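Chain residues, written in single-letter form:
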Amino acid sequence: MDAAAATATVDEYLTLCEQRRLDEAATLLAPGARLVFPGGVVHTDLPSMVAAAAGRYLQVGKPQRRYLAGADGSGATTVTCLGTLSGRWLDGTSFSGIRFVDVFVFDGDRIAEQHVFNDLSIAAADAASPIPLETTS
């Protein structure tokens with residue numbers, strides 16, 4: 001799959017997941033796809049991914065995205081998506097500007113792996129703390 005088509009597939013997949021159109025998003029995953037989240041948590045289907053997130057936030061989106069695409073050492077097409085997260089915590093308060101990086105590895109024209117990296121846990125701890133965890137001068 002060429003880089004432009006892979007990038008379009010990733011963008012569509014992320015949009016469908018945000019809209020909870022999971023059946024449609026699942027058609028973009030390869031059989032046996034692995035969705036690897038912070039802490040090494042692995043999901044093999046989208047409903048389990050959504051269920052795991054239910055205890056962390058009410059809603060999350062990736063409104064700011066940019067993409068880098070190419071091939072890995074084995075020749076598989078890869079797409080890296082960088083941006084920020086926004087959404088609502090479990091108490092209903094909003095969050096935004098939280099960094100994320102998702103790395104996608106393709107098998108043919110479908111997503112075989114998604115590796116998710118983000119600062120949600122840091123932001124959640126900061127939101128729950130009466131004292132800011134980070135300061136800038």
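Structure report, in brief. (Residues numbered from 1 in each chain as written. Predicted model: local features only at pLDDT ≥ 70, side-chain atom pairs only at ≥ 80, totals over all residues. Heavy atoms only, no water.)

This paragraph deals with the overall build of the protein. Scanning the protein from terminus to terminus reveals four helices and six strands. In terms of overall dimensions, the protein is globule-like: its C-alpha atoms have a radius of gyration of 16 Å, near the 14 Å expected for 137 residues. By principal-axis analysis of the C-alpha atoms, the protein measures approximately 50 × 35 × 25 Å. Within the protein, the fraction of its 137 residues that count as buried is 35%. For the protein, contacts bridging at least 24 residues in sequence account for 48% of all contacts bridging at least 6. Looking at charge distribution, the protein has the averaged site of its 10 positive side-chain charges lying 4 Å from that of its 16 negative ones. (Helix = DSSP H or I, 4+ residues; strand = E, 2+ residues; numbered from the N terminus. Rg over C-alpha atoms; globule rule 2.2 N^0.38 Å. Buried < 20%, exposed > 50% of the residue type's maximum accessible area, 1.4 Å probe, protein only. Contact = heavy atoms within 4.5 Å. Lys, Arg positive; Asp, Glu negative; His and termini not counted. Charge placed at Lys NZ, Arg CZ, Asp CG, Glu CD.)

How two aromatic rings sit relative to each other is set out by the distance from centre to centre and by the angle between their planes. Counting across every chain of the model gives two aromatic pairs. Both rings, one in Y13 and one in F104, keep their centres 5.9 Å apart while their planes meet at 80°; by these two values the pair is edge-to-face. A residue pair is termed long-range when its members are at least 10 positions apart, and Y13 in helix α1 (residues 3-18) and F104 in strand β5 (residues 94-107) qualify at 91 residues. The same class applies to Y13 as to F104, namely buried. (Phe/Tyr/Trp six-rings, centres within 6.5 Å; stacked < 30°, edge-to-face > 60°.)

Let us now look at the nonpolar core. It is characteristic of soluble globular proteins that their nonpolar side chains tend to be buried jointly. Residues Y13, L46, F95 and F104 are the most contacted members of the largest nonpolar core, which totals 28 residues. If you list the elements that add at least two residues to this core, you get α1, α2 (22-26), β1 (29-37), α3 (46-53), β3 (57-71), β4 (77-89) and β5. A total of six residues in this core trace back to one element, the largest contributor, which is α1. With residues near it in sequence (within four places) discarded, F95 still touches Y57, Q59, V60, L85, S86, G87, R88, W89 and L120. (Core = buried A, V, L, I, M, F, W, Y, C linked by side-chain atoms within 4.5 Å.)

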